[in-house]
Amino acid sequence: MNVPDATPQGDPLGVLPYNYAVVGVQKGGTSTLAVTLNQHRLVCQPPDKERHYFDDETVDWSSPDHARDYTAPRRAAVHTMVGDASPTYLYWPHAMERMRQYKPDMPLIAVFRDPLERLFSHWVMLRSRNLAWPDWPDFLTEWPHTSLPDTVPPPDEVRTMRWRHMTGIARGFYGEQLQRGFELFPRQQWLLLELRSMLGDFEATIDRTTDFLGLPRFEQVPPLRNWHAGAEQVPGTAPTGDDLARVAEVYAKDLDLFEELSGIDTSAWPTRLVLDGDLPPSELAARFARKVR
């Protein structure tokens, strides 16, 4: 990695190269985790929580200038770490390969959430920001991936920003994402977290995370806050039980792979319960429908 050794004008304390990353998943608690870590006395708060560097298709990845483009201003002399929490990296084609070229020993954190809950929350987020984004039925069918995509469509075929937002189903193939990630970075460089467990014992999760990053533990962990929570309700078409049952089946094989690779217990996840016949899809659809008007 090419670490900057000069102090750019306007940055009296110099700059820090990004040296850890929260790589996924979107709507999985990454903001809550990242904002909390940024309150650590040794961690520098970056200009943006989501740097979106390794998923930037405008960069010349044959000769990137990391020292110029992938640093953050040091805010205090004591700061030793700065993190990039871009939850697209884990699923975005070639992002993890680019990160490996940048820093092969990068500590990586991923927070996972039930795939169906994540997918619905993703759609609610889009609709709450702009009603021009597609309604639920079109959200499911614009890119109905059945596995993790390995290429980004060329911009003359579809706008990259639209593909970024509309690949909701693709983001739920956690097993394939981890499989690819483990091929690039050794398992010991990964900290895998689960949203419900994180929220259930937030202090213990933050202690695990600071231990993983080699940071002293907080004397007092900042209080849990739900950053970037979705809207209470959005206009649109509510999911049906058939919708959810169909998407659950799309995730079935990958969910088995995820459980095997991650060691995370998914037995309480709605997707697993639907697949095992322990939760009627219509019941989950009715719960989701309460957020749709």
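Residues numbered from 1 in each chain as written. Predicted model: local features only at pLDDT ≥ 70, side-chain atom pairs only at ≥ 80, totals over all residues. Heavy atoms only, no water.

**Notes on the overall build of the chain**
Phase 1 of the analysis: Within the chain one finds twelve helices and seven strands.
Phase 2 of the analysis: Taking 2.2 N^0.38 as the reference for a compact globule, 293 residues should give roughly 19 Å; the C-alpha atoms of the chain span a radius of gyration of 19 Å, in line with that estimate.
Phase 3 of the analysis: Here the C-alpha coordinates of the chain stretch approximately 60 × 50 × 35 Å along the principal axes.
Phase 4 of the analysis: Here the chain holds 293 residues, and 54% of them are scored as buried.
Phase 5 of the analysis: Put simply, of all contacts in the chain between residues at least 6 apart along the chain, 77% involve residues at least 24 apart. (Helix = DSSP H or I, 4+ residues; strand = E, 2+ residues; numbered from the N terminus. Rg over C-alpha atoms; globule rule 2.2 N^0.38 Å. Buried < 20%, exposed > 50% of the residue type's maximum accessible area, 1.4 Å probe, protein only. Contact = heavy atoms within 4.5 Å.)

**Quick look at the packing of aromatic side chains**
Phase 1 of the analysis: The final tally for this structure, using the stated rule, is 25 aromatic pairs.
Phase 2 of the analysis: Aromatic side chains phenylalanine 173 and tyrosine 251 sit 5.2 Å apart centroid to centroid with 70° between the ring planes, which places their arrangement in the edge-to-face category. Of this pair, phenylalanine 173 sits in the loop between helix 6 (160–166) and helix 7 (174–184) while tyrosine 251 sits in helix 10 (residues 241–262), and the two are 78 residues apart along the sequence. For the pair phenylalanine 173 and tyrosine 251, one class covers both residues: buried.
Phase 3 of the analysis: Ring centres of phenylalanine 182 and tryptophan 190 lie 5.6 Å apart, and the angle between their planes is 70°; on these two criteria the pair is classed as edge-to-face.
Phase 4 of the analysis: The positively charged end of arginine 164 is found above the aromatic ring belonging to tryptophan 92, 4.5 Å away from the centroid. (Phe/Tyr/Trp six-rings, centres within 6.5 Å; stacked < 30°, edge-to-face > 60°. Lys NZ or Arg CZ within 6 Å of the ring centre and 35° of its normal.)

**Comments concerning the pairing of strand 5 (residues 81–85)**
Looking down a regular strand, the side chains alternate between one sheet face and the other.
Phase 1 of the analysis: The element strand 5 is extensively covered by neighbouring structure, given that five of its five residues are classed as buried.
Phase 2 of the analysis: Here strand 5 shows no split at all, with Met81, Gly83 and Ala85 on one side and Val82 and Asp84 on the other all buried.
Phase 3 of the analysis: In the sheet, strand 2 (residues 20–24) pairs with strand 5 via three bridges, with the strands oriented parallel. Considered in strand 5, the bridge of valine 22 is made with alanine 85.
Phase 4 of the analysis: Strand direction decides the pairing type here: strand 3 (residues 43–44) and strand 5, joined by two bridges, are parallel. The partner of cysteine 44 across the bridge, within strand 5, is valine 82. (Pairing = 2+ DSSP bridges.)

**Considering the nonpolar core**
Phase 1 of the analysis: Val23, Met99 and Phe112 are the most contacted members of the largest nonpolar core, which has 66 residues in total.
Phase 2 of the analysis: Top contributing element to this core by residue count: helix 4 (residues 115–129), with seven residues.
Phase 3 of the analysis: The contacts of valine 23, once residues within four sequence positions are left out, are Ser86, Pro87, Thr88, Tyr89, Leu90, Met96, Met99, Leu108, Ile109, Ala110 and Trp190.
Phase 4 of the analysis: By size, the runner-up hydrophobic cluster in this structure holds 21 residues, among which are Ala85, Leu193, Leu215 and Phe218. (Core = buried A, V, L, I, M, F, W, Y, C linked by side-chain atoms within 4.5 Å.)

**Some words on the UniProt feature "domain: Sulfotransferase" (unreviewed entry) in the chain**
Phase 1 of the analysis: Those places that UniProt annotates as "domain: Sulfotransferase" (unreviewed entry) correspond, in this numbering, to residues 22–216.
Phase 2 of the analysis: Between the end C-alpha atoms of residues 22–216 the distance is 19 Å, and the span holds 39% helix and 12% strand. (UniProt positions renumbered as here; feature names shortened; annotations may be inferred.)

**Remarks on unusual backbone geometry**
Phase 1 of the analysis: Omega for the bond connecting glycine 24 with valine 25 falls within 30 degrees of zero, at -5°, which places this linkage in the cis form.
Phase 2 of the analysis: Relative to the assigned elements, valine 25 resides in the loop between strand 2 and helix 1 (30–37).
Phase 3 of the analysis: Backbone geometry places histidine 52, a non-glycine residue, at a positive phi of 50°.
Phase 4 of the analysis: Along the polypeptide, histidine 52 turns up in the loop between strand 3 and helix 2 (66–69).
Phase 5 of the analysis: Relative accessible area serves as the criterion here: at 22%, histidine 52 is assigned to the partly exposed category.
Phase 6 of the analysis: Positive phi is not limited to glycine here, since histidine 94 has a value of about 75°.
Phase 7 of the analysis: Secondary-structure assignment places histidine 94 in the loop between strand 5 and helix 3 (95–102).

**Brief notes about the sheet that holds strand 3**
Phase 1 of the analysis: Pairing in this open sheet of five strands is parallel, and the strands run 3-5-2-6-7 from one edge to the other. Every other strand in the sheet has two partners, leaving strand 3 and strand 7 (190–194) as the edge strands with one partner each.
Phase 2 of the analysis: Across the sheet, helix 1 touches strand 2, strand 3, strand 5, strand 6 (108–112) and strand 7, and the angle it forms with strand 2 is around 165°. (Axes fitted to C-alpha atoms, helices over the stretch in contact; angles between N-to-C directions.)

**Structural notes on the pairing of strand 6**
Phase 1 of the analysis: Within strand 6, five of the five residues are buried, leaving the element largely enclosed by the surrounding structure.
Phase 2 of the analysis: Note that strand 2 and strand 6 share three bridges and pair parallel. For valine 22, the partnering residue across the bridge sits in strand 6 and is isoleucine 109.
Phase 3 of the analysis: Bridge analysis of strand 6 against strand 7 gives five bridges, and the strand direction is parallel. Looking across to strand 7, one finds that leucine 108 is bridged to tryptophan 190.

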